[in-house]
Amino acid sequence: MHLERTRANWVGFSTIVVKEIRRILRIWVQTVVPPVIQMTLYFLIFGSVIGSRVGKMNGYDYMTYIAPGLIMMSVITNSYTNVVSSFFGAKFSRYVEELMISPLANASILLGYMAGGMFRGLLVGAIVTLVAALFTNLPIAHPWVIVTTALLTSAMFSVGGFLNALFAKKFDDVTIIPTFVLTPLVYLGGVFYSIALLPPIWQHVTRVDPLLYMIDTLRYGFLGVSDIALTEAYAIMVGFLVLLFALALWLLRRGTGLKS
Amino acid sequence: MANTNAQPALRIENLRKTYRGGIEALRGVSIEVARGEFFALLGPNGAGKTTLIGIVASLVNKSAGSIHVFGKNADEDPAGVRSQIGLVPQEVNFNLWERVIDIIVNQAGYYGIPRREALERSERYLHQLDLWKYRNTNARALSGGFKRRLMVARALVHNPPLLILDEPTAGVDIELRRSMWVFLQQLNAEGVTIILTTHYLEEAESLCRKIAIIQHGRISEQGDMHELLESLRMETFVLDLARPLSETPPLEDFALRRIDDATLELDMCRGQNINDAFAQLSAAGVQVRSLRNKSNRLEEIFMRLVEEERNASRTHAS
């Protein structure tokens, strides 16, 4: 019986994953192309045009220095946006009820949407990495750090998007968090600069921003230079992921944002 | 462990639902539906039918009470209960941008049915509901009637022993409604327990053997269909209007439907006074020119014409 349920939950989980991946690939012009164009412009303007006048940062060309931050920015925003738009769409058009009436475990639903978000985040991240390789000679210092950081971050922001979708009541609510929370945190998380350049007090303030740890760890994976200790960064990433995942599961079980 | 074969298909005990804001939608509802039954749940708009169905199908949180489906407690084994139920909701609730076949196959997946088997089952139900030719069509392109058929096919893909339909024929044409009746009767004959809510009393009368009437969140009548109809003397009146109307005027305690610009249908239960309805209509500025009992003769004539037309085209084609 237990095995049967586990197998059924696996089938349900893979159904959501396949559905999500097909959706992302079917509307690739909306899901994949815009972030790639946006990042290409960042490379052109900040990297090539302005970057050539900035000089070295932590021993690297400015273009090379900002590349990991821009890759991480793509992973974060695309993982988040994918889940929030897909799950809120299901909620708004009520086809989330297909899942709610089914015997599928809440964890399978959450993991299914997370996998969709991670797929898009990592896909766009990989393409942006290729774009970066066209502009600069990007080294790969620690491949496993790159892989684990990208996985943890995309998982974390996929759950974040899921939570946003649970609470969202209208389409405006879907854009509020990315615009007013996510974007400032990404920009202040050291995408375009090393926090060592900030006055000491602002260095401490910046450390409250969880995105700093992800951006910095990915930069360490590519360049081998970092402002933050690796263990501290991983502890924060894993901690946030576990916390957000548990919160999302609890809310799903209560039916928050789904059941009246 | 309880002998599930001896248990009723659905047993609801003292079910209560109070929405945020204090609205009491259900005030202690108890219903028992036997296995293999064709059960009608009737009641005016806002009586609590959809809330009741929503709670049974896990779409709405209950405030109190218990639900057992084939002996399984919904609180103790929610997944076990959900796997026994197929739901056809009142409103369209599938992704309109997905293909018909994908909607069915995905739903099967959510019930743990592997893709290969899901495709076989989908083909069977899409054929049975005359949707196979639309399998690769985006759902948004389907007509209203076919959208309802799609929801029936989706609800059946995991072969549930209990099928709940919330006004499955609302707004569909007579031919489609009749074909849906035949299909549901076949399913019931195969052993599927069916619970149906409908505003079409003739639909409930011709399909269902047992009935419960819900009003203001309470079961006001429950029992054998024929006995109840006899005692209820529920009637439907057709009101011809003196002036055309673009919207259905809101009537308290009466089920009123707008058929067209100049016609309304009014359901009346035992104990209700037609003067109350007329007073409310008059207050809403609606002027009634004439009143008559509803009969199904026009439907019969229409169906006969449709059948004759279909037979003629078949003869012509062969």
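Residues numbered from 1 in each chain as written. Chains lettered and ligands numbered in written order. Predicted model: local features only at pLDDT ≥ 70, side-chain atom pairs only at ≥ 80, totals over all residues. Heavy atoms only, no water.

1. Focus: the overall build of chain B
Along chain B, the regular secondary structure elements total 10 helices and 14 strands. Taken over 318 residues, chain B has a buried fraction of 50%. Within the structure as shown, chain B displays about 15300 Å² of accessible surface, and the carbon and sulfur contribution to it stands at 47%. (Helix = DSSP H or I, 4+ residues; strand = E, 2+ residues; numbered from the N terminus. Buried < 20%, exposed > 50% of the residue type's maximum accessible area, 1.4 Å probe, protein only. Areas by Shrake-Rupley, 256 points an atom, 1.4 Å probe, with all protein chains shown as cover.)

2. Topic: the interface of chain A and chain B
Listed as interface residues are 23 residues of chain A and, on the opposing side, 30 residues of chain B. Of the roughly 2500 Å² buried between chain A and chain B on both sides combined, carbon and sulfur atoms contribute 50%. The closest approach of N and O atoms between A:E98 and B:R154, which form a salt bridge, is 2.7 Å. Where chain A meets chain B, there are 12 residue pairs in polar contact (both at pLDDT 80 or more). Among the elements that take part in the side of chain A that touches chain B, helix α1 (residues 2-26) of chain A stands out by supplying 8 residues, more than any other. Considering only residue class, the side of chain A that touches chain B consists of 10 nonpolar, 5 polar and 8 charged. (Contact = heavy atoms within 4.5 Å. Buried area = accessible area lost by both parts, 1.4 Å probe. Salt bridge = Lys/Arg side-chain N within 4 Å of Asp/Glu carboxyl O. Polar contact = N/O pair within 3.5 Å; in protein donor to acceptor, adjacent residues only side chain to side chain. Nonpolar A, V, L, I, M, F, W, Y, C, P; charged D, E, K, R; others polar.)

3. Thoughts on the packing of aromatic side chains
Residue and element names in this part refer to chain A. For the structure on display, the rule yields 11 aromatic pairs over all chains. Seen from their ring centres, F87 and Y113 are 4.9 Å apart, and the 80° between their planes marks the pair as edge-to-face. Taken together, the residues F87 in helix α4 (residues 62-92) and Y113 in helix α6 (residues 106-135) connect sequence positions 26 residues apart. Residue Y113 is classed as buried on the basis of its relative accessible area, which comes to 2%. Between F88 and F92 the ring centres are 5.9 Å apart and the planes differ by 35°, which places this aromatic pair in the tilted class. (Phe/Tyr/Trp six-rings, centres within 6.5 Å; stacked < 30°, edge-to-face > 60°.)

4. A look at the pattern of salt bridges
Residues and elements named next belong to chain B. Under the defined criterion, the tally for this structure stands at 17 salt bridges over all chains. The partner of R209 in a salt bridge is E37, with the nearest N and O atoms 3.1 Å apart. Of this pair, R209 sits in the loop between α7 (201-207) and β9 (210-215) while E37 sits in the loop between β2 (24-33) and β3 (38-42), placing them 172 residues apart in sequence. Exposure remark for E37: the relative accessible area of 11% places this residue in the buried category. Here the residues in one salt-bridge network are R257, E265 and D267, joined through shared partners.

5. Describing the domain arrangement of chain B
Residues and elements named next belong to chain B. Segmenting chain B into domains produces domain 1 (4-231) and domain 2 (245-297). Using only C-alpha atoms to locate each centre, domain 1 and domain 2 end up separated by 28 Å. Together domain 1 and domain 2 conceal approximately 720 Å² of surface at their shared face, both sides included; 44% is due to carbon and sulfur atoms. One can count 0 salt bridges joining domain 1 with domain 2. (Domains from an automatic or database assignment.)

6. Re the pairing of β2(B)
Regular strands show a simple pattern: their side chains alternate between the two faces of the sheet. Residues and elements named next belong to chain B. Here 7 bridges tie strand β1 (residues 10-18) to β2, and the two strands are oriented antiparallel to one another. Looking at the pairing, R11 lines up with E32 of β2. Taken together, β1 and the strand that follows it, β2, pair antiparallel across an intervening segment of 5 residues, in which G21 is found at a positive phi of about 105°. (Pairing = 2+ DSSP bridges.)

7. Let's talk about the side chain of A:D209
Residue and element names in this part refer to chain A. Following the sequence through the fold, D209 ends up in the loop between α9 (200-206) and α10 (210-223). The buried charged residue D209 lacks any salt bridge, with R219 as its nearest oppositely charged partner at 11 Å. Those residues within four positions of D209 in sequence are excluded, and the remaining contacts are L185, L188 and G189. (Lys, Arg positive; Asp, Glu negative; His and termini not counted.)

8. A look at the side chain of B:R154
Counting through the fold element by element, B:R154 comes out in helix α5 (residues 144-156). We classify B:R154 as buried; its relative accessible area is 4%. Side-chain polar atoms of B:R154 contact the side chain of A:E98, separated by 2.7 Å. If sequence neighbours within four positions are ignored, B:R154 has contacts with A:E98, B:P89, B:N93, B:F94, B:I103, B:I104 and B:Q107.

9. Overview of the confidence of the model for chain B
Low-pLDDT portions of the prediction should not be read for the details of their coordinates. Summary statistics for chain B give a mean pLDDT of 87 and a share of 89% for residues scoring 70 or more. Counted against residues more than four places away or in other chains, residues 296-302 of chain B, with its pLDDT under 50, gives 8 contacts. (pLDDT = per-residue confidence, 0-100.)

10. A closer look at helix α1 (residues 49-56) of chain B
Residues and elements named next belong to chain B. Most of α1 is tucked away, with 7 of its 8 residues classed as buried. Among the residues of α1, those classed as buried are K49, T51, L52, I53, G54, I55 and V56. Of the residues one or two after α1, S58 is the one with positive phi, at around 75°.

11. Let's talk about the sheet that holds β1(B)
Residue and element names in this part refer to chain B. Reading across from one edge, β2-β1-β4-β5 is the order of the 4 strands in this open sheet, with antiparallel pairing throughout. In this open sheet, the two edge strands, each paired with only one partner strand, are β2 and β5 (72-73). Inspection of the sheet shows strand β4 (residues 64-69) paired to β5 by 2 bridges, in the antiparallel sense. In the strand pairing of β5, V69 is matched with K72. Contacts from α1 reach β1, β2 and β4, with the element oriented near 115° to β1. (Axes fitted to C-alpha atoms, helices over the stretch in contact; angles between N-to-C directions.)

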